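Structural characterization, general
Each chain is listed here by its residues.
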Amino acid sequence: MAKTAHGESGPGYSRLGLVSTLLPAALFFFFLSCWAAIQRGEVVGIDFPWMPSLDLALSFRLDGLSLLFALIVTGIGTFVSLYSSAYLAGHHHSGRFFFFLHAFMLSMLGLVTADNLLLLFLCWEGTTVFSYLLIGFDHESAVARENARQGLLVTSAGGLALLLGILLLKIAGASWTISDWLHGEQLLREHPLYPFIFAAILLGAMTKSAQFPFHFWLPNAMSAPTPISAFLHAATMVKAGIYLLMRCHPLLGGTFSWTFTLVAVGGVTALWGAVQALGPMDLKRVLAYTTMMALGILTMFLGGQSTETLTAAVTFLMVHALYKAALFLAIGSIDHQTGTRQLDRLGGLGRSMPLTALAVAAAVLSMSGFPLFFGFIGKEIMYAGALAEELFPGFTATVALFANALMTAVAAILFFGPFTGSWIHTNETTPMRVVDPPWQMWLGPLLLGGLGILFGIIPEWVSSALIEPAVFSIHPGREEIRLVIFHGFNLPLLLSMFTLTIGAVVYLRRLVICRTIQTGIASLPLSAEMCYAGSLTWFLRNAEVVTNRIQNGSLHWYLLVIVATMTVAVSWPWLGSLKSVLLRPAGAIDPTATALALFIAAAIGVVVTAGKRLAAIGGLSGVGAGIALLFLLYGAPDIALTQLLVETLTIIFVSLVLLRLPPIVQARKRSNRRRAFDGLLALAAGLLLTSLLLGVVQAPLDRGLTDFFEANSFLQAHGRNIVNVILVDFRSLDTMGEIIVVVLAAWAAVTLLRKPKGP
Amino acid sequence: METILACLVGLLFAAALYLMLSGVLVKFVFGLALIGNGINLLILTAGRLQHRAPPLIPAENRILSEPVANALPQALILTAIVIGFAMVTFLLILLYRTYAYAGTLDADERPFLEEWREDDSCSEPFVQAQQEISPLSSPRETILAGDGRT
Amino acid sequence: MESVILKTATRLMVGLILIFSFYLLLRGHHEPGGGFAAALVAGTAFALFVIAEGPAKVRTAIRLRPTTIAMLGLATAVAAGSAALLSGQSFLTGMWWGPGEELLIGTPLIFDIGVFLAVLGAILAVLLTLEDN
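Residues numbered from 1 in each chain as written. Chains lettered and ligands numbered in written order. Predicted model: local features only at pLDDT ≥ 70, side-chain atom pairs only at ≥ 80, totals over all residues. Heavy atoms only, no water.

Some thoughts on the overall build of chain B
On a plain count of helices and strands, chain B comes out with six helices and zero strands. Listed by position from the N terminus, the elements making up chain B come as α-α-α-α-α-α. By sequence separation, contacts in chain B at least 24 residues apart represent 51% of the contacts at least 6 residues apart. With an accessible surface of roughly 6000 Å², chain B has 62% of that area assigned to carbon and sulfur atoms. (Helix = DSSP H or I, 4+ residues; strand = E, 2+ residues; numbered from the N terminus. Contact = heavy atoms within 4.5 Å. Areas by Shrake-Rupley, 256 points an atom, 1.4 Å probe, with all protein chains shown as cover.)

Here's what the structure looks like:
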């Protein structure tokens, strides 16, 4: 057994992985059981209010499109989980891996079944976070960490854009319930905010689905373990953007800008992905670029309006999920068994890994669109859809033709490269003899590849059961959608044949073409990834500059900013009414209270000017005691008592601690200028408080709550001490929070005081 | 009377902020204690001072017969006093610990300022500070500084 | 601190102060007092005790660990609040039992005892750990 790039996997299998495979499998069969109902046109769903004030509802809804995605997610999820149980056997972090995997799968399921747009967004972010953890699963590798971060930054930036789009949608008056969209809100397309909504949602979809120019994270994300690449980067997560576009199609689609942008972005992505797929030696990178091409094609077709175009998109989505997951898993097997996935070091595996070879053969035949395979039907309907596209049929058909031709060539490379020729034992890292992987690892690719043949021969099974409900859930129509094995001799068939021919030519001349492409790409002055790296560096540098300036570690500076901001911001609107507040005559003056106030003022003076700790403590207790007496004077015996007691305990604690701290005089003297400035600022803030309080006192008092408490204290709560009744009955939840804070503060203090254990 | 109390509140705030701005952390705690008192007084005054009878329902009655002082701000203040006490205590102990660690309680000294600059290695200036302080400090403080190191 | 006068006086005082504290706690619903004030009074008593006799003796005297007392207090408060849940009312609704209007036992009183224990536990925890250092 070879040591793979992803740590020390041993022989055998992970029992946890095998058992947890039951989760996606059970979900798969659950969704399968909903099939009949969906096919009849019913809608299955649950609805549960979560935060009605935010319009956030926990509502899930299963229609044709959601069912298709849910089946793909859980079906491929089952195989990926099964596969991983052998792929990661003996890995010391396999528990973590399966947790991330299933958490990701559940977020993805939530995304495709959510009926509330905010809920969809939450799940969307969930997939971002878990895909980050999965891409960076090999966390000891700096490259994996960097790639994971790149994926996270790009997709979460898109997530923010999506959130903006969702909020704008609300402002523009659209519903956040996705199922409402089908009934057409024509107004939204003429709303002045439409371009912004469209741009924001499109950005979210483009980053998630790796559309040009945000495509670069996808090939880099290949540092994830291979089953993860199969799951996230072929079948599910990158399709989230496509799913979003499909969902928004009835709401936002149909405008010129929608069609134009999607066709242009998708077309460029498809071509760019297809061209780059020819170059790399790393098989996973090749697959990553073909995924990019497929995503481009899907986006391009979603630009269209006709039933044919959308059928093409949905069909190709399924075709691609099947063959791409099979290919990824098979290439993972090759990597796992031989220790390498470099094209130039592989060969002759057809004899030693026959089952894997069979799976790859089925998958690449579907990928290149040979007759009798599901891919053939996908390609036929793709050309039919392209020609039915309203605005740019020529462009769409040409892009599809070239992309498919290059796909055919790549398919040939993928099969003939590793499986023909002879096995070269190059160095120590590769084994002498190669065998097929354990059953967990060949079953999935073989079944997925086999489905490609099954659906190719009997396309009626999928067309009426899956494709039609899916298309109708975003594009209600009357006509029946039928996929057939042979459409007759027509233009799409001609294009198909043409595609295979060009593909063969490209494959035969691949060395020359590859070299040309490599030189071409190398001579480009600017790549999207360079822009990303540049902006990241710029951000980090400026963040450091700004942080160093604002967060300079000086308590004095922080407080200065806080106090000054508060004083200025509150004074500004208050200045106008200041005069009337200050000129109002003062009420009657109580001699006792005045004497107390003078005493407190004197004590404050002692605290401020004290050079000795004991003097300051004395002043502090003077202030506390004076205020307690004021409380007593104004009818508050409870708080007077509490204040006196707290004062006593504070003095005990302060004395216990302060005598172990340095004397105040030891501190460095501050400059007079600084002290004067601080003093002025503090005085200004104090004055502001005084005037605010005067303003409050002169305004009428709302005694509603007090009246309620007074009236009900004894009758309802059986207590004569109203203050105590408020604390332990009327507002006892507040008190509960308070004692929790007190206990936590004490706990933290005790923890700080405890002598550190260990060396 | 409200005018005088309002001035007292302002004075409490000004003194507290001045102490907190001083940069001497011991004074900061004094400031915190003062500002707590100021806020309590502010709440009391904002609830009006007309009635001086405590908010207690007389034993022979089921409802109040005479107007009493506003009970609501009193309940708020009671909570605030205890919370403020907990915060001051926690801060004191934090100071105690910080002093054992950094060797100074002057917030403008190097250990406090440099903690942020070195993002991951903030313990390093503290170690230096401990070495610097030992000749100056009293035996008791040296023991504390030793605590921080172990 | 080694002072015979302090020690002797403390022995008398602590008991008296603690009794006063319980008095405050129990009368709190009708007269000034209540859980907070009672806990602070008791805390003062223990502070005196600690200063006179040192933390070790106090720890043996109170038997329970201070943090346990605090947690017990929180648990009591939660339990008092949850009693209402049993009869289908919302959390912390006051429930009362007993004959007549003047002699009632209710969950708010139990809640107040929880407050007392929580605050006392917190004070004791800090006090004893501080003295240990």
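Examining empty space enclosed by the protein
As enumerated under the stated definition, the model contains nine cavities of 30 Å³ or more in all. The space that makes up the largest cavity amounts to roughly 100 Å³. Along its surface, the largest cavity is lined by Phe653, Val742, Ala745, Ala746 and Ala749 of chain A, Phe85, Ala86, Thr89 and Phe90 of chain B together with Ala122, Ile123 and Val126 of chain C. Of the residues that constitute the lining of the largest cavity, the class distribution is eleven nonpolar, one polar and no charged. One number sums up the size of the second largest cavity: a volume of about 90 Å³. Phe316, Met367, Gly375, Lys379 and Asn404 of chain A are the residues nearest the centre of the second largest cavity, which is lined by 15 residues in total. Those elements that provide at least two residues to the lining of the second largest cavity are α15 (307-338), α17 (354-368), α18 (374-388) and α19 (393-419) of chain A. Residue contributions to the lining of the second largest cavity peak at four residues, all from α18 of chain A. Here the residues of the lining of the second largest cavity sort into seven nonpolar, seven polar and one charged. (1 Å grid on protein atoms, 1.4 Å probe; cavity = no way out; pocket = protein on both sides within 12 Å on 5 of 7 lines; lining within 4 Å. Points joined across faces, edges and corners; volume = space filled by probe spheres on them. Nonpolar A, V, L, I, M, F, W, Y, C, P; charged D, E, K, R; others polar.)

Re the confidence of the model for chain A
Residues and elements named next belong to chain A. Looking at chain A as a whole, the pLDDT averages 85, with 95% of positions reaching at least 70. Across chain A, element-level confidence peaks in helix α26 (residues 591-609) with a mean pLDDT of 92 and bottoms out in helix α8 (residues 186-190) with 73. Across residues 1-9 the pLDDT falls below 50, and counting only partners more than four positions away or on other chains, this stretch makes 29 contacts in the model. (pLDDT = per-residue confidence, 0-100.)

With respect to the domain arrangement of chain A
Split into domains, chain A comes out as domain 1 (20-536), domain 2 (578-667) and domain 3 (701-759). Averaged C-alpha coordinates put domain 1 of chain A and domain 2 of chain A at centres separated by 70 Å. (Domains from an automatic or database assignment.)

Brief notes about the pattern of salt bridges
All names here are of chain A. Per the counting criterion, the structure on display carries 13 salt bridges over all chains. The salt bridge involving arginine 61 is made with aspartate 63; its shortest N-O contact spans 3.6 Å. One salt bridge connects aspartate 63 with arginine 247, and the closest N-O pair in it is separated by 2.7 Å. Taken together, the positions of aspartate 63 in the loop between β4 (60-62) and α4 (64-87) and arginine 247 in helix α12 (residues 237-252) put the pair 184 residues apart, joining distant regions of the chain. Here aspartate 63 falls in the buried class, since its relative accessible area comes to 7%. (Salt bridge = Lys/Arg side-chain N within 4 Å of Asp/Glu carboxyl O. Buried < 20%, exposed > 50% of the residue type's maximum accessible area, 1.4 Å probe, protein only.)

Looking at the interface of chain C and chain A
How big an interface is tends to be stated in terms of the accessible area lost upon association of its parts. Residue-level contacts link 42 residues of chain C with 40 residues of chain A. Between chain C and chain A, the buried area comes to about 3800 Å², and carbon and sulfur atoms account for 75% of it. Area buried by chain C at its contact with chain A is led by His29, Phe36 and Leu130 of chain C, which between them contribute 16% of it. Where chain C packs against chain A, one counts zero salt bridges. In this structure, the connection of chain C to chain A is made through nine residue pairs in polar contact (both at pLDDT 80 or more). Elements supplying a minimum of two residues to the side of chain C that touches chain A: α2 (35-53), α4 (66-86) and α5 (107-132) of chain C. (Buried area = accessible area lost by both parts, 1.4 Å probe. Polar contact = N/O pair within 3.5 Å; in protein donor to acceptor, adjacent residues only side chain to side chain.)

Description of a nonpolar patch on the surface
All names here are of chain A. A cluster of nonpolar residues, Val545, Val546, Ile550, Trp557 and Val561, forms a patch on the protein surface that exposes about 420 Å² of accessible area. The set of elements that each furnish at least two residues to the nonpolar patch consists of α24 (528-550) and α25 (555-583). Top element by residues in the nonpolar patch is α24. It accounts for three residues. Examined against the element boundaries, valine 545 turns out to sit in helix α24. When its relative accessible area of 43% is taken as the criterion, valine 545 is described as partly exposed. (Patch = residues over 30% accessible without salt bridge, like charges linked within 9 Å, V, L, I, M, F, W, Y side chains within 5 Å.)

Examining the packing of helix α6 (residues 117-135) of chain A against helix α9 (residues 194-208) of chain A
All names here are of chain A. Here α6 crosses α9 at 30°, and the two axes come no closer than 13 Å. What the angle tells us is that α6 and α9 run roughly parallel. For the crossing formed where α6 meets α9, the hand is left-handed. On α9, the residues that touch Trp124, Thr127 and Thr128 of α6 are Gly204, Ala205 and Lys208. Looking at side-chain class alone, the contact of α6 with α9 contains two nonpolar, three polar and one charged residues. (Axes fitted to C-alpha atoms, helices over the stretch in contact; angles between N-to-C directions. Parallel < 35°, antiparallel > 145°, perpendicular 65-115°, else oblique. Left-handed = near helix turned anticlockwise from the far one by under 90°.)

With respect to the layout of surface pockets
All names here are of chain A. By volume, the largest pocket amounts to about 500 Å³. In terms of lining residues, the largest pocket is bounded by 22 residues, among which Phe28, Leu71, Gly75, Leu451 and Phe455 are the most central. Among the secondary structure elements, those contributing two or more residues to the lining of the largest pocket are α2 (22-33), α4, α15, α20 (439-457) and α21 (460-472). Broken down by element, the lining of the largest pocket gets its largest block of residues, seven residues, from α4. Tallied by class, residues from the lining of the largest pocket come to 20 nonpolar, two polar and no charged.

Examining unusual backbone geometry
Leaving glycine aside, a negative phi is the common case for residues, and trans is the common case for peptide bonds. The omega torsion across phenylalanine 212 of chain A and proline 213 of chain A is 0°, close enough to zero to call that bond cis. Of note in the backbone geometry, histidine 718 of chain A takes a positive phi value of approximately 55° without being a glycine. Unusually for a residue other than glycine, arginine 63 of chain C sits at a positive phi of about 65°.

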